[in-house]
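# Structure at a glance
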Amino acid sequence: MMERLTKEKLVLAGLTVFSMFFGAGNLIFPPFLGASAGTATWIAVAGFAVTAIGFPVLGVVAVAQSGGLDKLAGRVHPKFAFIFTLLIYLSIGPCLAIPRTASTSFEMAVVPFLKEGTSSALMQFLYSVVFFTIAFVVALKPDKLTDRLGKILTPILLVLIAVIFAGCIIHPAGAYGTPSETYQKAPFIKGFLEGYMTMDTIAALNFGIIISLNIKAMGIKKEADVVHETIRAGLFAGGILLLVYSALSHVGAVTGGAFGLADNGAQTLNQAVQFLYGKAGLILLAAVFFIACLNTCIGLISCCSKYFCTIVPKIGYRTWAFLFAFVSLIISNAGLNKILEISVPVLSALYPISIVLIILSFAFRDGKRWRAVYVCAMGLTGIIGVLLSLETAGADILHAELIKLPFYSYGLGWICPAAVGIVIGVIIEAIMGSLKTHE
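We now turn to the structure provided with this report. Computed from a predicted model, the values in this text were never measured in an experiment.

Definitions and cut-offs
For every chain, the first residue of its written sequence is number 1, and the numbers climb from 1 along that sequence. For this predicted model, a pLDDT threshold of at least 70 governs which residues receive local features, and a threshold of 80 or more governs which side-chain atom pairs are given and counted, while totals over whole chains, interfaces and linings are taken from all residues. Water and hydrogen atoms were dropped before computing side-chain values, which therefore reflect all heavy atoms in the structure. We count a salt bridge whenever a side-chain nitrogen from Lys or Arg sits within 4 Å of a carboxyl oxygen from Asp or Glu. We count a stretch as a helix when DSSP gives it H or I for four or more residues in a row; a strand needs E for two or more, and each element gets its number in order from the N terminus. Whether a set of points on the 1 Å grid over the protein atoms alone is a cavity depends on a 1.4 Å probe fitting there but being unable to get out, while an open set qualifies as a pocket with protein on both sides within 12 Å along at least five of seven lines; lining residues are those with an atom within 4 Å of a point. Grid points are joined across faces, edges and corners, and a volume is the space filled by probe spheres set on the points. For this scheme, ten residues count as nonpolar: Ala, Val, Leu, Ile, Met, Phe, Trp, Tyr, Cys and Pro. Four count as charged, namely Asp, Glu, Lys and Arg, and the remainder, Gly too, count as polar. Residue contacts are defined here by distance: any two heavy atoms, one from each residue, within 4.5 Å place the two residues in contact. Stacked, edge-to-face and tilted are the three classes for Phe, Tyr and Trp ring pairs, Trp counted by its six-membered ring, which pair at centre distances within 6.5 Å; planes under 30 degrees apart are stacked, over 60 edge-to-face, the rest tilted. Three labels apply to residues, based on accessible area from a 1.4 Å probe with only protein chains included: buried if under 20% of the type maximum, exposed if over 50%, partly exposed otherwise in between. By the criterion adopted, a ring carries a charge over it if an Arg CZ or a Lys NZ lies within 6 Å of its centre and within 35 degrees of its normal. Residues enter patches when their relative accessible area tops 30% and they take part in no salt bridge; the joining distance is 9 Å for like charges and 5 Å for the nonpolar side chains Val, Leu, Ile, Met, Phe, Trp and Tyr. We get accessible surface area from the Shrake-Rupley algorithm with a probe of 1.4 Å; when it comes to residues, only the shown protein chains can shield them. Think of each axis as a best-fit line through the C-alpha atoms, taken over the contacting stretch in the case of a helix, with angles from 0 to 180 degrees between the N-to-C directions. When describing relative orientation, an angle under 35 degrees is termed roughly parallel and one over 145 degrees roughly antiparallel, while 65 to 115 degrees is termed roughly perpendicular and anything else oblique. Rotating anticlockwise by less than a right angle from the far helix to the near helix defines a left-handed crossing, while the corresponding clockwise rotation defines a right-handed one.

Turning our attention to the pattern of salt bridges. All told, the structure shown has four salt bridges when counted by the stated rule. Note that E194 is salt-bridged to K190, the shortest N-O span being 3.3 Å. Here E194 pairs with K190, and both are found in helix 10 (residues 187–196), just four residues apart, close to one helical turn.

Here is the structure:
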């Protein structure tokens, strides 16, 4: 008999997965999408859901089914698996995402309440010390994240978001406006690209290890059962993400229709809560940003620490967690912009590889049988991905050739090279299979 989580435990596991995904970026993108798309909001949301929900959930499933990111990436080559996994954990962890959780939540939860003349730098340092101390303490027991995130912080976060959404339903600021120029021609594609930029697909590859650990702590022992319940938790989290993204997109649409298009999603949310609840709305929004960023920070510290324990086991989990929290604290206060300049191009190069790897894990599940497909597809995707990311960093290498790639103008120039790599790999495997048959 297969061991399964009870409905209550499945809900808790799903809420935990949701909380690890839902950070500041996830909070900001949908409202801005709604404000920009106006009457085309729901078509844009459909595209957004494909890349901001579909790929991340598939990433959780892919990692669970393959037995870990290292094994999944190992289908290409062991050295590739090590380098790829290391770069993902560093980029989405202490070199980018973890420091950003503190800096972003400070901007939204503290800066609006600072009095004139108050030292912003000092307040940011004090805030980050408190923020990372809380994150570190909670992350000390990664197998207890379900109790702390799923039972406590995430339900509070969802209630706060529901309060904002309910306010827009009962007392809307206005009606959906006219779509901006970028959403008038192809709102689905524009939404698809916005979801692509959340980078949650990379985070999904990181979170698999912690999700499995929490499901084991719930009493599921057999590895096959853990995989099955991880998939169920991921699907449940995807459903919650869809509801929340839809609610926030509606908030953005009615707010944009009333006040016009703001500079970003954070300003759109500010307009919404101040219209609905006045100054109390700013406190409400501050709490939403603080909890969302804290949840993500805790999840990332846990995942990164668990992974680095496998590389350098002599340094224990607690020490790694402290190092990541401490380094992130320093970076978030002194040098985040420089780190972003380096990390964002790296992250942009890793994202196409991550998407293609996830797709291959479902289309070619037997890694040994289809080794050439993995090698060719990853090789071409990686080369083009690196060249495109170098362009974003200001190095125009082979620009004249790259702009000829289909979908280049959308930032998706890697799609056709990936497809070509898959075709070449299939042909190679077919030839090799034919040669073996005739031996």
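Quick look at the layout of surface pockets now. As a volume, the largest pocket reaches approximately 620 Å³. In terms of lining, the largest pocket is formed by 31 residues, of which the most central are G25, F29, R100, M197 and T198. When residues of the lining of the largest pocket are traced back to their parent elements, those giving at least two are helix 1 (7–21), helix 2 (24–37), helix 6 (97–109), helix 11 (200–217), helix 13 (265–277), helix 14 (279–311) and helix 16 (336–363). When its volume is computed, the second largest pocket comes out at roughly 460 Å³. Around the second largest pocket, the lining is made up of 23 residues, and of these G67, G68, L69, D70 and I209 lie nearest the centre. Along the lines of polarity and charge, the residues of the lining of the second largest pocket split into ten nonpolar, eight polar and five charged.

For P99, the position within the fold is in helix 6. In sequence terms P99 and K404 are 305 residues apart; their C-alpha atoms lie 37 Å from each other.

Moving on, we come to the environment of F106. With respect to the helices and strands, the residue F106 is situated in helix 6. C-alpha separation for the pair F106 and Y127, spaced 21 residues apart in sequence, amounts to 7.1 Å. The contacts of F106, once residues within four sequence positions are left out, are V111, L114, S120, M123, Q124 and Y127.

The next thing to look at is the packing of aromatic side chains. Per the counting criterion, the structure on display carries 18 aromatic pairs. When the centroid spacing of 6.3 Å and the interplanar angle of 40 degrees are considered together, the rings of F22 and Y245 count as tilted. Here the residue F22 occupies a position in the loop between helix 1 and helix 2, and Y245 occupies one in helix 12 (residues 223–259), the gap between them amounting to 223 residues. The exposure classification of F22 matches that of Y245, with both residues buried. Both rings, one in Y127 and one in F131, keep their centres 5.8 Å apart while their planes meet at 25 degrees; by these two values the pair is stacked. Of the two residues, Y127 and F131 both sit in helix 7 (residues 120–139), four residues apart, roughly one turn of that helix. Note on accessibility: Y127 and F131 belong to one class, buried. Ring-pair connections join several aromatic residues into one group, and the members of that group are Y89, Y307, F308, W320 and F324. Sitting above the plane of the Y317 ring, K306 keeps its charged end 5.5 Å from the centroid.

Once that is clear, we can look at a nonpolar patch on the surface. Together, I43, V50, F188, I189, F407 and Y410 make up a nonpolar patch on the protein surface, roughly 520 Å² of accessible area in all. Structurally, the position occupied by Y410 is in the loop between helix 18 (399–402) and helix 19 (415–438). Classification of Y410 by relative accessible area gives partly exposed; the value is 42%.

Running from amino to carboxyl end, helix 7 crosses helix 15 (residues 317–333) at an angle of 160 degrees, the nearest separation of the two axes being 10 Å. In this view, helix 7 runs roughly antiparallel relative to helix 15, as classed from their interaxial angle. Classified by chirality, the crossing of helix 15 by helix 7 is right-handed. Seen from helix 7, the contacting residues are A121, Q124, F125, S128, V129, F132, F136 and A139; seen from helix 15, they are Y317, R318, A321, F322, A325, S328, L329, S332 and N333. Looking at side-chain class alone, the contact of helix 7 with helix 15 contains eleven nonpolar, five polar and one charged residues.

In the contact formed by helix 2 and helix 12, the axes pass within 6 Å of each other and the chain directions differ by 45 degrees. The angle between helix 2 and helix 12 falls in the class oblique. Where helix 2 crosses over helix 12, the two elements pack in a sense that is right-handed. Facing N26, L27, P30, P31, L33, G34 and A35 of helix 2, the residues of helix 12 in contact are Y245, L248, S249, G252, A253 and G256. The class makeup of the residues in the contact of helix 2 with helix 12 is eight nonpolar, five polar and no charged.

Right, let's talk about empty space enclosed by the protein for a bit. Vacant regions in the atomic arrangement are exposed by a probe of water-molecule size rolled over the atoms. Counted under the stated rule, the structure contains two cavities of 30 Å³ or more. Estimates place the volume of the largest cavity at around 40 Å³. Forming the walls of the largest cavity are A13, T16, V17, M20, L145, T146, I210, I211, N214 and I215. Broken down by class, the residue content of the lining of the largest cavity amounts to seven nonpolar, three polar and no charged. Roughly 40 Å³ of internal volume is contained in the second largest cavity. Lining the second largest cavity we find M108, P112, F113, N270, L282, L285 and A286. Among the elements that make up the lining of the second largest cavity, the one with the highest residue count is helix 14 (three residues).

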